[in-house]
Amino acid sequence: MSTPAVPPPPTRPTLNREYLATAALKLIDAEGLRKFSMRRLGAVLGVDPMAAYRHFADQEALFDGVAEVLFVEMDTDSLPWQAPWPELAAQYCRRLRDVLLQHPNAVSVFATRPVRSSASIDMGIRAVAKLQNAGLPPATALRILRCLREFTIGHALSVSILQAGAQSRSRKPDKGSPQYNLLAQAADETTPDDHFEPGLQAMLRGFQHS
């Protein structure tokens, strides 16, 4: 088994949370989530297998850190915050999808935990305020943002599962066979991810007119 590439160590002589979480993400990218362990991370980094426990209480806490690394990768500060909120929301969803699909083995890590970093909380406050300034009550704004986030993460999770090999196990009948039906024809005329944009736009239109 080849050793996956990991980020260069920090200049300080001791490990830190950000470096360990980034290295864990690289390892998950390279080998998959099922093969990941704190011991394997220590081996790849060439450190004591228990070293990560000095910074994270357990593996789940480390995965919280991985989710934070994915959030940082989205660079939400560079989103079009001056644009109308539906455009801002659409760009956020597209960026979230793109980042997650760059790390298909880690989508479930992001999907199964809230990101509690100060940067994520600040962005959430900023997003709710954006919708509030457009006339939406804060609770309504949060419901909209949750719907959009869950739609995007669910889409990325579905696509990542297909990328992992589920599509190869499809029982769709071959074209020209007696079993080839309208559903199979429709499947042949689509791709696993071409419904994201129409779904996103339909949700945004619905929210604007509800």
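Here the structure is a predicted model, which is why all the values come from computation and not from measurement.

Trainee: What is the right way to read the layout of surface pockets from this model?
Mentor: The gaps left among the atoms become clear once a water-sized probe is rolled over them. Looking at the largest pocket, its volume works out to about 540 Å³. Lining the largest pocket we find 25 residues, and of these Y92, M123, G124, L145 and R149 sit closest to its centre. The dominant element in the lining of the largest pocket, judged by the number of residues it contributes, is helix α6 (residues 118-133), at seven residues. Of the residues assigned to the lining of the largest pocket, the class counts are 20 nonpolar, two polar and three charged. Roughly 330 Å³ of volume is contained in the second largest pocket. Every residue along the wall of the second largest pocket is listed here: G32, L33, R34, P104, N105, V107, S108, L157, S160, I161, Q163 and A164. Listing elements by their share of the lining of the second largest pocket, those giving two or more residues are α5 (107-111) and α7 (138-163). Counting residues per element, the lining of the second largest pocket draws most heavily on α7, which supplies four residues. Here the residues of the lining of the second largest pocket sort into six nonpolar, five polar and one charged.

Trainee: Sorry if this is basic, but what is going on with empty space enclosed by the protein here?
Mentor: Taken as a whole and assessed by the stated rule, the structure comprises one cavity of 30 Å³ or more. Roughly 30 Å³ of volume is contained in the largest cavity. In terms of lining, the largest cavity is formed by L20, M38, L41, G42, L45, V47, D48, P49, A51 and A52. Per element, the largest residue contribution to the lining of the largest cavity is four residues, and it comes from helix α2 (residues 38-45). Class assignment for the residues of the lining of the largest cavity results in eight nonpolar, one polar and one charged.

Each value, and the rule that gives it
Here the residue index of a chain counts from 1 through its sequence in written order. In keeping with the predicted nature of the model, local features appear solely for residues at pLDDT of at least 70, side-chain atom pairs appear and are counted solely at 80 or more, and the whole-chain, interface and lining totals rest on all residues. As a convention, hydrogens and water are excluded, and side-chain values are obtained from all of the structure's heavy atoms. Buriedness for pockets is judged along seven lines, at least five of which must meet protein on both sides within 12 Å for an open set on the 1 Å grid over protein atoms alone, while cavities are sets there where a 1.4 Å probe fits but cannot get out, and lining residues have an atom within 4 Å of a point. Grid points are joined across faces, edges and corners, and a volume is the space filled by probe spheres set on the points. By the criteria applied, helices consist of DSSP H or I runs no shorter than four residues and strands consist of E runs no shorter than two, each listed in order from the N terminus. Ten residues, namely Ala, Val, Leu, Ile, Met, Phe, Trp, Tyr, Cys and Pro, are considered nonpolar, four, namely Asp, Glu, Lys and Arg, are considered charged, and the remaining ones, Gly among them, are considered polar.

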